[in-house]
Structures are given as C-alpha cells and as structure tokens.
Amino acid sequence: MQAGFTSVRDMSTHGNGYDDIDIRDAINRGQIDGPRARIATRGIEWRAPGNTAPDDPLKGALVGNIEEARAAVRDQVAMARTG
C-alpha cells in the first residue's frame, strides 16, 4: 500500500534550470513514483539598472523591461507545456 502526498507545487527551481519539468514528466511516464506535480519552471527576476551580467540558464531569468518580462513568461510557458 502506498500513502503520501497526492500533489505537489513547485514555486521555482532556485538554480536547477528546468529540472522540475523533467521530474514531472518522469512521474507522468511512470519512470519514478511521485504525486501529480504542478510546476513553475525558472523564476523571473528583475535586472537592476546597469547590470549587464549574462543570464545563468540554471537560475531565474533576468529581465529589465516589459518586453524582456513578456519574453521570459512566453519561454517558460512554452517549456512547461512540452511535457
């Protein structure tokens, strides 16, 4: 008999890139045991003015204006739907 959580919600991967998608998909394929997973993918963080540091693909997407924020949201929605 199995008992435990029936669902989980990931609020951001905190430096793990899109690993939450891989875990959700492995659960859905039956490769690993786990609950139904609702995922958030990477976080979206505001880029301070003058900060030209490149994005770390494993951390949150850095945005500095509305256009970048919209692009980050579109990217993450597309990634989350691939599973």
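You'll find the structure just up there.
Described in the following lines is the structure provided in the data block. Fair warning: this is a prediction, and the values are worked out from it, not measured in the lab.

### Quick look at the overall build of the protein
Here comes step 1: Scanning the protein from N- to C-terminus turns up 2 helices and 4 strands.
Here comes step 2: Listing every helix and strand of the protein by position from the N terminus yields β-α-β-β-β-α.
Here comes step 3: Across the 83 residues that make up the protein, the buried fraction comes to 28%.
Here comes step 4: Within the protein, contacts between residues at least 6 apart in sequence are counted, and of these 53% link residues at least 24 apart.
Here comes step 5: When the accessible surface of the protein is summed, it comes to about 6,100 Å², and 55% of that surface belongs to carbon and sulfur atoms.

### Notes on the environment of Gly4
Here comes step 1: With respect to the secondary-structure elements, Gly4 resides in the segment before β1 (7-9).
Here comes step 2: Linking Gly4 and Gly34, residues 30 residues apart in sequence, is a C-alpha distance of 9.1 Å.

### As for the side chain of Thr41
Here comes step 1: When you line up the elements, Thr41 lands in the loop between β2 (36-38) and β3 (44-46).
Here comes step 2: Looking at Thr41, the relative accessible area reads 1%, which means it is buried.
Here comes step 3: A distance of 2.6 Å separates a polar atom in the side chain of Thr41 from a polar atom in the side chain of Gln76.

### Side note on the pattern of salt bridges
Here comes step 1: Per the counting criterion, the structure on display carries 1 salt bridge.
Here comes step 2: Note that Arg24 and Asp25 form a salt bridge whose closest N and O atoms lie 2.9 Å from each other.
Here comes step 3: Arg24 sits in the buried class, given a relative accessible area of 10%.

### Topic: the environment of Asn65
Here comes step 1: Within the element layout of this structure, Asn65 appears in the loop between β4 (61-63) and α2 (66-81).
Here comes step 2: Taking the relative accessible area as the measure of exposure, Asn65 reaches 31% and is therefore partly exposed.
Here comes step 3: When the C-alpha atoms of Asn65 and Trp46 are compared, they prove to be 8.3 Å apart, with 19 residues separating the residues in sequence.
Here comes step 4: Among the polar contacts listed, one links the side chain of Asn65 to the backbone nitrogen of Glu67, at a separation of 3.1 Å.

About the cut-offs
- Residues numbered from 1 in each chain as written.
- Predicted model: local features only at pLDDT ≥ 70, side-chain atom pairs only at ≥ 80, totals over all residues.
- Heavy atoms only, no water.
- Helix = DSSP H or I, 4+ residues; strand = E, 2+ residues; numbered from the N terminus.
- Buried < 20%, exposed > 50% of the residue type's maximum accessible area, 1.4 Å probe, protein only.
- Contact = heavy atoms within 4.5 Å.
- Areas by Shrake-Rupley, 256 points an atom, 1.4 Å probe, with all protein chains shown as cover.
- Polar contact = N/O pair within 3.5 Å; in protein donor to acceptor, adjacent residues only side chain to side chain.
- Salt bridge = Lys/Arg side-chain N within 4 Å of Asp/Glu carboxyl O.

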